[in-house]
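# Structure assessment
Here are the chains, one letter per residue:
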Amino acid sequence: MSTSRRNVASFVKDTHIRRLLTLMILWMIFMAIFRFDKFYTFLNFQTMAAQFPEFGLMALGVMLCMISGGIDLSVVGVANFTSIACGELLKILAERSGELTGGGILLIMLLGVLIGAFAGIFNGLLVSKIKIPPILATLGSYELFRGIAIIITEGKAVANLPIKYAETIAGKLFGIIPIQLVFFVVVVIILSFLLNRTTYGTKLYMLGTNKTASEFSGHNTDTVLIQTYMLSGICAALGGLIMLANYNSARADYGTVYTLQCVLIAVLGGTSPTGGKGRISGTVLAICVLQMISAGLNRFPQISSFYIPLFWGGALLLVMVWNTITVNGKSGGGFIRNFLAQLNIKTGSGK
Amino acid sequence: MLKDNILKVVDIKKSFAGVQALKGVSMEIKAGEVHCLAGENGSGKSTLIKIISGVYTPDSGEIHFGDKVYERLTPIESIRNGVQVIYQDFSIFPNLSVMENLAFNQELANKRRLVNRKRMRQIAEEAVAKINFDIDLDAKVGSLSVANKQLVAICRALMFDAKLIIMDEPTTALTRKEVDALFRIILDLKKQGIATLFVSHKLDEVFEISERFTILRSGEKVITGDTSELDNKKFTYYMTGREFEEEPFVPKNVSEEPVLTVENLGMNGFFKDISFSLHKGEILGITGLLGSGRTELALALFGLQQADTGTITIEGKPVKLNTPQDAIKNGIGYVPEDRLTEGLHLPLSIGENTIAAELDKLSNKLGVFDEEKKKQEINRWVKELAIATPDPNNACSTLSGGNQQRVVLAKWLARDLKVLILNGPTVGVDIGSKYDIHQILRGLAEQGLGIIIISDDIPEIITNCSRIMIMKNGRISAELSAEEADEQTLTRYMM
Amino acid sequence: MNNRFFKDLTKRNEFYIFLVIIVMGVLIELRSGQFFTPNNIVDLLSALIVPGMFALGAFMVIVSGGVDVSFPALASLSMYATTRILLDVNYQGGVWLPILMSLAFGAILGAFNGVLIATFKLPPMIVTLGTSSVFRGIMQGVLNSKQLAVIPKGMSSFGTAALFVAENPQSGLTSRMPVAFLALVIVLIIVYFFLNHTMYGRGLYAIGGNEVSAHRAGFNVWLIKFLLYVGVGMISALAGMIRASMMTQAHPTNMLGMEMMVIAGVVLGGTAITGGAGTLTGCMLGTILIVMVENSLILLGVPTFWQSFFLGVLIIAGMGISALQVTRASKAKGSVVREVKQ
């Protein structure tokens, strides 16, 4: 009980989260003023909830790896690889039995998760045992997974899939809640539990803050790293399974912008690129904010969707500059902090 | 003989964010003298050095170089007045050659835009000639030994017509032989009229090398005087403002059976034929020069490196220690030398740090924490070791140095160890905390823990250990009881 | 002297990359008989121009201890802006103005990176991820970029001008060596001179080795880093302009994604990803290897869609080998503790 109250308190205290909440509220007010009837519809929120899980899941994986002090740039590769392999299996199953059964879908999901797990373990081995810097290791494995995906499909899309799969995964629970959202929520709950209630979570944060100390405390840091990248792989694979349902097709170059977007989400959500810091709540909030902004922008037909990377990149840079000015004033813009201090603006350190 | 002051600081005050780091310090350094600056962590030593070198601007006070008086000083002005600082990390470029490391400063000071290797080599050759330092100028500095890296830094400092060289704890990573070599160089510089300000809190070094000393405590100068008038007790008193009586350690509850027995342990290239046993209630000291194999032995006992030959027995059972997990499972704990970088997760909470080594004991088979047990355990250790904190959920970085050390100890005590190995338990620790740590260790031994202290701090070993093992070139050169041990004997067996 | 030269040679990464290149060349030659033909070599060199220039920029950033992933977006934006503006004013002159304009755009965009990294001391990798997104957003959103099938004449004639034409005596196939290859050579010479013969260049290595020490030694760390990103921006923008000229069309997005293979090439050439170490020879050899994989698989009879796969294998293998070398070296050196401390 007391821990949960503390979590709520620190949740609100967290500067990143405060900032994101402010941004979200401002945006919601903005949308309320300019596009109330088009934005505040049930359908719009339902659509948003169906859209963000595919990249949201990948972002959660990237966040985990960043907490460990690394990064996973291969998530999109894993997702596409998974969706292509599962798409192929889907076709085979459909051909064989004509009708896709619930068991068939389960089998496909299982295959997807397995692929994700193996891809993640592969990344984990590269990072922990061979000690390749995570950026490069996952960059390489991204090419590799993408390469395998291209080889399987000969560069073409996997299409003409039985509609049953998409209907199920991209369907609605009780006709209201998008199934994609259910997946996302379940993963969020599992990961929160892992991070906050298990030794794995504690070991992960410890590894991210000080790897040597972890080793001296007797933690098997290699195992923790492998587990982390495996979880990231599974998250990415689930993202891939949802992409397969959302597009009802698969291709090796779907969702390439998601790599950057995932890093952006993690950083916006308060995950430190140097490791040891980051929380699920922040990341989930960042995912929601991004989804709301991009969906909101869609309500302005005169603004092309091509502006979105501009906003996101800009947001990422602004947040980081803001962080250096406020939290880490010593190293960066000390002058700005002094300036703000003169204006009586509190720039106290957020934890 | 009357010498002129080359540097005089008068009533220097400096505060950071409201905290007064220096409260009006004055001191002077005479030409060609070796002056020791001592003080505990946080006493203001490093602030003073940074003010002398122009890195910080004092809030008030004056800095005199001969007739020139400065109220604020830039790094360049400081250098022009003959001040050179050799930082603890030597400020070198490990990826570049000795030549470039030596020549860069001067080339930059002369505002050179283009690289002239011939000129740079010439500069480097002149620099190494000053202390007759024989080194391959094309070698990468990263491949040199610590001592040679330091010599590179010294050579570089000497190029600027230095009158005063400030060395910030220069002996920390040196072997005894290398320390001797360094001292010879300092004396040689002295002959050339170059003064040295030697920052250290190692008592024996202060006595050995310096003529005069200044001691700072909480931002104030406690005393300046001739080293000849100083003794051990006074030194401690000036440093801490407290008096410590450390009685030699007498073990009380030594067990019949050894808790740890090591037989013929060997690791290729590091140590060989190591046999000893440790009983509960004992504190065994292991000492030796850097490179004598003492650190590697500790690592082997904790499973961080694997011994090639020999056996390790815990309470009569032979064990294999391939990983730290194996060692911990068998009741062995290890406190590393550098607690901040190797022992703690500073941004994480105090509570999490205390339970870092027993996570699996506070959780079920699936790794899910028993929250209640976790909380109890944290509270227990915070209380037991008197860790001064309002809330164990605070970050470990909010603690003072001494309390952080208690956290590291708590981490291991929470494990119900049989053997605790401490590598340099008080390196870089000020005298007050050092005393406290020794008391904690003695208490633990009395409660029946077997303790091994690995240290090159000879007085520490002699007062706190019941038995002492000396290593030399990877072998045990002697094993002494506490009564037989004195500094000369130990040093003789080490060399 | 000679003996020492060979001894050093076998210790160096470049030597092994060179061997791999030769072995691959021989393999392709055996399989297809078309590798060591004049036109194939010219084709390879021509394909090297743009990645080679990108690699030079990426190399300098990595030496300084950073990673830049924004250069393709930066190049695309500068190239696109230049081309669009010149088309809008119906520019009919030579290639010098496009070159100057793209250099200017590159410098401005690079300065943007530079300020964020040098002034605010943000991690370069994340900053450039962000700026790459911003550049892309400006190009596709603000400039509403589309593929431009026509580019100013000055550019296309520069892009198609040939230094010489190589002919395969057997097949009769010919390949033109573009004049633009000279640009790569010139940039290579400038970078070489800069890195090895100016204090700024040595400063890059110094910063990559130890930034604090560099500052204490008197290097103007801020200026060096800022100028680095400006310079890299200019090189990248030039490369983008050349690419459009050679293709005689301005395609806004087809350079995006090249950052991965370029960085892979640089690191394969023995450049330490942690900064401070690496040679231009290695950088160019690594890039050549990557370009070979991209361009010569077809000669081996491998379908083009195996490219990504081989690239991935190459990156992982290359990285893995050098990572294992580092681990082994530190193990041989001594204790775990020492490895951990450094």
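Whatever comes next refers back to the structure up there.
The present account deals with the structure reproduced in this document.

Conventions and cut-offs
Residues numbered from 1 in each chain as written. Chains lettered and ligands numbered in written order. Predicted model: local features only at pLDDT ≥ 70, side-chain atom pairs only at ≥ 80, totals over all residues. Heavy atoms only, no water. Salt bridge = Lys/Arg side-chain N within 4 Å of Asp/Glu carboxyl O. Helix = DSSP H or I, 4+ residues; strand = E, 2+ residues; numbered from the N terminus. Buried < 20%, exposed > 50% of the residue type's maximum accessible area, 1.4 Å probe, protein only. Core = buried A, V, L, I, M, F, W, Y, C linked by side-chain atoms within 4.5 Å. Contact = heavy atoms within 4.5 Å. Pairing = 2+ DSSP bridges. Axes fitted to C-alpha atoms, helices over the stretch in contact; angles between N-to-C directions. Buried area = accessible area lost by both parts, 1.4 Å probe. Polar contact = N/O pair within 3.5 Å; in protein donor to acceptor, adjacent residues only side chain to side chain. Parallel < 35°, antiparallel > 145°, perpendicular 65-115°, else oblique. Left-handed = near helix turned anticlockwise from the far one by under 90°. Nonpolar A, V, L, I, M, F, W, Y, C, P; charged D, E, K, R; others polar. Patch = residues over 30% accessible without salt bridge, like charges linked within 9 Å, V, L, I, M, F, W, Y side chains within 5 Å. Areas by Shrake-Rupley, 256 points an atom, 1.4 Å probe, with all protein chains shown as cover.

### Digging into the pattern of salt bridges
Applying the stated rule across the entire model yields 23 salt bridges over all chains. Residues Glu371(B) and Arg197(A) are paired through a salt bridge, measuring 3.3 Å at the closest nitrogen-oxygen approach. Here Glu371(B), found in helix H13 (residues 371–384), pairs with Arg197(A), found in helix H8 (residues 179–197), and the two come from separate chains. Taking the relative accessible area as the measure of exposure, Arg197(A) reaches 33% and is therefore partly exposed. Across the salt bridge formed by Asp436(B) and Arg406(B), the nearest N and O atoms sit 3.6 Å from each other. In this pair, Asp436(B) is assigned in helix H15 (residues 431–446) and Arg406(B) in helix H14 (residues 401–413), connecting sequence segments 30 residues apart. Given a relative accessible area of 25%, Asp436(B) falls into the partly exposed group.

### Examining the nonpolar core
Soluble globular proteins: nonpolar side chains tend toward being buried together. Grouped together as the largest cluster of nonpolar side chains are 264 residues, with contacts concentrated most on Tyr165(A) and Phe219(C). Ranked by residues supplied to this core, first place goes to helix H3 (residues 38–63) of chain C with 15 residues. In contact with Tyr165(A), other than residues within four places in its own chain, are Leu90(A), Leu100(A), Ile105(A), Ile108(A), Met109(A), Ala170(A), Leu241(A), Leu244(A) and Ala245(A).

### Examining the pairing of strand E12 (residues 271–279) of chain B
Residues and elements named next belong to chain B. With six bridges connecting them, strand E11 (residues 258–267) and E12 associate as antiparallel partners. Paired with Leu265 across the bridge in E12 is Ile274. The loop that links E11 with its antiparallel partner E12 comprises three residues; one of these, Gly269, has a positive phi angle of about 85°.

### Quick notes on the sheet that holds strand E2 (residues 19–30) of chain B
Residue and element names in this part refer to chain B. Across the sheet, four strands lie side by side as E2-E1-E4-E5; this open sheet has antiparallel pairing. Edge positions in the open sheet fall to E2 and strand E5 (68–70), since each of these has one partner strand only. Going from strand to strand, the sheet's axes swing by 15° on average, the running direction of each strand aside. Bridging between strand E4 (residues 60–65) and E5 involves three bridges; their strand directions are antiparallel.

### Observations concerning the environment of Pro273(A)
In this structure, Pro273(A) sits in the loop between helix H12 (258–268) and helix H13 (280–298). Its relative accessible area of 29% is what places Pro273(A) among the partly exposed residues. Along the backbone, Pro273(A) and Ile84(A) are 189 residues apart, and their C-alpha atoms lie at a distance of 31 Å. Setting aside residues up to four positions removed in sequence, Pro273(A) forms contacts with Met66(A), Gly69(A), Val267(A), Pro123(C) and Ile126(C).

### Brief notes about the interface of chain A and chain C
Of the residues lining the interface, 44 residues belong to chain A; the matching set on chain C comes to 40 residues. Buried area between chain A and chain C, both sides added, is near 3800 Å², and the carbon and sulfur share of it is 83%. Here chain A and chain C share zero salt bridges between them. Our count for the contact surface shared by chain A and chain C stands at three residue pairs in polar contact (both at pLDDT 80 or more). At the level of elements, helix H5 (102–128), helix H6 (134–153), H12 and helix H14 (307–326) of chain A are the ones that each hand at least two residues to the side of chain A that touches chain C. Of the residues forming the side of chain A that touches chain C, the biggest block, 13 residues, is contributed by H6(A).

### Some words on the packing of helix H4 (residues 71–88) of chain C against helix H11 (residues 221–247) of chain C
Residues and elements named next belong to chain C. The contact between H4 and H11 brings their axes to 8 Å, and the two run at 60°. Compared by their axis directions, H4 and H11 come out oblique. Crossing handedness for the pair H4 and H11: right-handed. The residues of H11 that touch H4, namely those facing Phe71, Leu74, Ala75, Ser78 and Met79, are Gly233, Ser236, Ala237, Gly240, Met241 and Ala244. Broken down by class, the residue content of the contact of H4 with H11 amounts to seven nonpolar, four polar and no charged.

### Here we look at the packing of helix H8 (residues 181–197) of chain C against helix H9 (residues 199–209) of chain C
All names here are of chain C. Taken N-terminus to C-terminus, the directions of H8 and H9 make an angle of 70°; their axes are 5 Å apart at the nearest point. Considering the angle they form, H8 stands roughly perpendicular to H9. Facing H8, whose interface residues are Phe194, Leu195, Asn196 and His197, H9 presents Met199, Tyr200, Gly201, Arg202, Leu204 and Tyr205.

### Thoughts on a nonpolar patch on the surface
All names here are of chain A. A surface patch of nonpolar side chains, about 590 Å² in accessible area, is lined by Ile25, Leu26, Ile29, Phe30, Ile33 and Phe34. Within the secondary structure layout, Leu26 lies in helix H2 (residues 15–39). Take Leu26: its relative accessible area is 52%, and that puts it in the exposed class.

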